[in-house]
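Residues per chain are reported as follows:
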Amino acid sequence: MAVFTPVSLDDVSQWITQFPLGKPVAIKGIASGIENSNFFLTTERGEYVLTIFENLSFEQLPFYLNLMRHLADRGVAVPAPIANADGQLVVPLHGKPASIVTKLVGKSQMDPQPVHCAEVGAMLAKMHVAALDYTGTQPNLRGLDWWNWATPQVLPFLSDAEAHLLRAEMHFQEAFYGCDTYKQLQQGPVHADLFRNNVMFDGDKLTGFFDFYFAGCDSWLFDVAVTVNDWCIDLDTGVLDTARVRAMLDAYHAVRPFTEAEQTAWQPMLRAGALRFWLSRLYDLHQPREAEMLTPHDPTHFERILRERIAVAAPALY
Ligand SMILES: Nc1ncnc2c1ncn2[C@@H]1O[C@H](COP(=O)(O)OP(=O)(O)OP(=O)(O)O)[C@@H](O)[C@H]1O
Ligand SMILES: N[C@@H](CCO)C(=O)O
């Protein structure tokens, strides 16, 4: 159940007059999602998603919502945030920050085929290019600095073999992030959490990326690695499926050609993408936030992926 702050039609009838959306007709809580309270909101003008943010603040949210607005304005398939009469995308509701965005058609594709991976690859490249002139700045808050901070927090809970892997991989990634090739990688706003459950499909057609709340500025290649590590694997083993990897990378490359530096950095970056989620899942498991309500994701999934990426070279970028 993911409605932490209930909202009724009565609650929104006055509140919504600040938006150019006409009268509200229906509101329905969305059960999935673990971070925020989400609702499908139907008004005279159409269908929208209303989100009440349970953890992010009024100061933090503009980076994400302005980025989504920027992308939507440039034809990238993302929910378009709706501004109120004062041009604000984030406004209080029941004392918490809230926003309204357009509703994407379709559902998540949890058993992706090469055709879906190609759609994701092409839209990801389009998104990277479209975000280049976005003026908001924020680092990836789950980047190398966070890994360095989180590592000592989780080490006491790990077996010797896990601790050895984590220390060795942190050492490897520190060296990689410091090398000349890494410094040549194109950086810009990235989604950084583009898993299967954060993309909507209508049949085989991609209708949108959503859940931008881990977005930040990082290398484009990191975004590609995170996405490949979720969309193009056998979920039981973490082994890459060459047909899906090729479909995603070729479609990306056709929109925004990969560079030589990216080709060189590809194998270590896939390891970085696996380490990031191994570490965050370990952290959420061993250091849960107060009031955490749901079972954390399984860290061993990403430990397996990391070991696999170390042992077996992935298909080349191009
Ligand atoms: N713009 C949208 N259009 C259609 N459906 C949406 C939209 N935004 C969210 N949803 C639906 O709401 C669900 C929850 O959204 P979301 O994943 O963003 O929630 P969350 O609380 O931020 O959770 P989590 O961090 O677990 O992903 C999604 O799985 C999706 O079904
Ligand atoms: N995609 C993340 C959860 C945060 O959205 C994970 O699978 O660990």
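Residues numbered from 1 in each chain as written. Chains lettered and ligands numbered in written order. Predicted model: local features only at pLDDT ≥ 70, side-chain atom pairs only at ≥ 80, totals over all residues. Heavy atoms only, no water.

An unreviewed UniProt entry annotates the protein as Homoserine kinase originating from Pseudoduganella aquatica. What the UniProt record of the protein gives under Pathway (unreviewed entry) is the line "Amino-acid biosynthesis; L-threonine biosynthesis; L-threonine from L-aspartate: step 4/5." Its UniProt record gives the protein a comment under Catalytic activity (unreviewed entry), which states: "L-homoserine + ATP = O-phospho-L-homoserine + ADP + H(+)". (UniProt positions renumbered as here; feature names shortened; annotations may be inferred.)

A short note on the overall build of the protein
Tallying secondary structure elements over the protein gives 10 helices and nine strands in all. In terms of overall size, the protein behaves like a compact globule, its C-alpha atoms giving a radius of gyration of 20 Å where 318 residues would be expected to give roughly 20 Å. Overall size of the protein, expressed as C-alpha extent along the three principal axes, is 60 × 45 × 35 Å. Classification of the 318 residues of the protein by burial places 52% in the buried group. Across the protein, the fraction of contacts at a sequence separation of at least 24, relative to all contacts at a separation of at least 6, is 74%. As displayed, the protein has an accessible area near 14,200 Å², and 55% of this comes from carbon and sulfur atoms. Between the centroid of the 24 positive side chains of the protein and the centroid of its 37 negative side chains there is a distance of 3 Å. (Helix = DSSP H or I, 4+ residues; strand = E, 2+ residues; numbered from the N terminus. Rg over C-alpha atoms; globule rule 2.2 N^0.38 Å. Buried < 20%, exposed > 50% of the residue type's maximum accessible area, 1.4 Å probe, protein only. Contact = heavy atoms within 4.5 Å. Areas by Shrake-Rupley, 256 points an atom, 1.4 Å probe, with all protein chains shown as cover. Lys, Arg positive; Asp, Glu negative; His and termini not counted. Charge placed at Lys NZ, Arg CZ, Asp CG, Glu CD.)

Examining the site of ligand 1
Close to ligand 1 lie 17 residues, the nearest being Ile-34, Glu-35, Asn-36, Leu-104 and Asp-211. Contact distances for ligand 1 include 2.9 Å between an oxygen atom and a backbone N or O atom of Asn-36. Contact distances for ligand 1 include 3.1 Å between a nitrogen atom and a backbone N or O atom of Thr-102. For ligand 1, whose unbound accessible area comes to 610 Å², protein coverage reaches 84%. Tallied by class, the residues present in the shell around ligand 1 amount to nine nonpolar, five polar and three charged. Each of domain 1 (9-102) and domain 2 (114-311) accounts for three or more of the residues forming the shell around ligand 1. (Near = heavy atom within 4 Å. Polar contact = N/O pair within 3.5 Å; in protein donor to acceptor, adjacent residues only side chain to side chain. Nonpolar A, V, L, I, M, F, W, Y, C, P; charged D, E, K, R; others polar. Domains from an automatic or database assignment.)

A short note on the state of the cysteines
Using the criterion set out here, one finds zero disulfides in the structure. Between Cys-117, a cysteine without a disulfide, and Cys-232, which holds the nearest cysteine sulfur, the sulfur-to-sulfur distance is 4.1 Å. (Disulfide = S-S within 2.5 Å.)

Examining the side chain of Asp-218
Within the secondary structure, Asp-218 sits in strand β9 (residues 216-219). Among buried Asp, Glu, Lys and Arg side chains, Asp-218 stands out as unpaired, with Arg-276 the closest opposite charge at 8.1 Å. There is a polar contact of 2.9 Å between the side chain of Asp-218 and the side chain of Asn-140. (Salt bridge = Lys/Arg side-chain N within 4 Å of Asp/Glu carboxyl O.)

A short note on the pairing of strand β2 (residues 37-43)
Counting buried positions over the seven residues of β2 gives five, a clear majority of the element. Pairing of strand β1 (residues 24-29) with β2, which is carried by five bridges, proceeds in the antiparallel orientation. By the bridge assignment for β2, Gly-29 is matched with Phe-39. Bridge analysis of β2 against strand β3 (residues 46-52) gives seven bridges, and the strand direction is antiparallel. Bridge pairing links Ser-37 to Ile-52 in β3. Between β2 and β3, which follow one another and run antiparallel, lie two residues. (Pairing = 2+ DSSP bridges.)

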